[in-house]
Amino acid sequence: MSRQSVEPEPAEAASGEPRDSGSAIGSAEREPLDLRLAPATVAAWLAVAWALGWSPTVAIGTALGLLAGGFVALSLATKHSLPRRAGPRLGAWSQPATGLALVLVVTGASVAVAGLRVAAAQSGPLPELAVAGAHVRVTLTVTSDPVRHQGSFAPYVVLRGLVARVTAHGVLTSVRSPVLVIGEDTWATVRYGEQVDAFGRLQVAEGADLAAVLVASGPPTVTKPAGMVKRGVDEVRQGLQEAASGLAPAERALVPALVDGDDARMPDQVAADFTTTGLTHLLAVSGSNLTLVLGFVLFVARWCRVRAHGLLLVGLVAVVFFVMLARPQPSVLRAAAMGVVALGGLAAGGRRRGARVLCVAVVGLLLVDPWLARSAGFLLSTLATAGILLLVPSWKAALSGW
């Protein structure tokens, strides 16, 4: 009698006997993707990208309308719920009213967060002072690494900061406003997480994620050092630079750029060579950087006999450390989210639940940083991860015939 692949009997599953590995892998690859969250994710993404151009009042009003519609649809779905025989896994999720409720609620919550974030960035006196070109004194926390640029007459430094206090026309105001700082070369010495006092003139910012642009006058004065965790991460970044200090100038700058995206010391000729060959994406923080860090950490964890959920925990800690090491900028958040998708799919059922984890990661990133909805890099990262989930199993099956 020929041996055929059949579903295991309940007694076989309960006995804990091992199944045929090839049959199990083939079954996992044939299992359909869980795309129940995909409509809500796409709707939330499009709505947030559109709502970023609205006033906060319009965004909040629209969000309340969407949430109200979602709760109405949910009540209708509860009142006319399908019997349990609709499916042991899908249950009430298979109802159109429940799917509509999910889309409306997730979209409404995302639009509300986007409206609140825009309102928070534009609140306070800084936008009005920027229109007037006022000279101010500010106390701000550095939220990005300083980047040195060569100007027409002298070098200058660009960084981001979160203003806590602003003094204009003799009036001190406590705020929480994000700004872009343009200063002289002395600003290159400040570190991520430090609190500084500075003088300067405000200008109008182009993006809705900034309250103003501060053109600094003179050097900053550090009033509070960075926290212990941020100082420890900064020591790791400096240690990486010191480890590569014995290399040639090009390689010395390339090592930290490939690991954590720190390309501040990259020679102009090397950067031009990467541009000519179309490899500039390697110098920016992306999934490749996270792959290097996560792959090394998981390899060491396996060598130390860490298994199962322990590997997932180690991977999550490595992702958090990578975000702190490379700074929580949009490209880093994208890479971290896609890394979490891979870890979640690995721990929660592979390909099938990987799609669900991807949808949750996308919505979570939109809640953390709504401006990602208009980022081409975020779109490409999401499509690349979705492509892996959708296409790799069929490609693997096709190549296995060779």
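Whatever comes next refers back to the structure up there.
Residues numbered from 1 in each chain as written. Predicted model: local features only at pLDDT ≥ 70, side-chain atom pairs only at ≥ 80, totals over all residues. Heavy atoms only, no water.

Counting buried positions along strand β6 (residues 212–216) yields four of five residues, so the element is predominantly enclosed. Taken together, the four bridges between strand β5 (residues 195–203) and β6 define a ladder with antiparallel strand orientation. Considered in β6, the bridge of L202 is made with L214. (Buried < 20%, exposed > 50% of the residue type's maximum accessible area, 1.4 Å probe, protein only. Helix = DSSP H or I, 4+ residues; strand = E, 2+ residues; numbered from the N terminus. Pairing = 2+ DSSP bridges.)

What follows is about unusual backbone geometry. Positive phi, normally seen in glycine, also occurs at H169, with a value near 55°. Within the secondary structure, H169 is located in the loop between β3 (155–168) and β4 (171–183). Overall, H169 belongs to the exposed group, its relative accessible area being 70%. With phi around 75°, R327 is a residue other than glycine that occupies positive phi space. Looking at where R327 falls in the secondary structure, it is placed in the loop between α11 (309–326) and α12 (330–347).

On inspection of all chains with the given rule, the structure shows seven salt bridges. The salt bridge involving R137 is made with D197; its shortest N-O contact spans 3.4 Å. Pair noted here: R137 is in strand β1 (residues 135–142) and D197 is in strand β5, with a separation of 60 residues, a long-range link. For R137, a relative accessible area of 40% puts it in the partly exposed group. We note a salt bridge from R160 to D209, for which the minimum N-O separation is 3.4 Å. On the criterion of sequence distance, the pair formed by R160 in strand β3 and D209 in the loop between β5 and β6 is long-range, its members being 49 residues apart. Residue class for R160 comes out partly exposed when judged on its relative accessible area of 34%. (Salt bridge = Lys/Arg side-chain N within 4 Å of Asp/Glu carboxyl O.)

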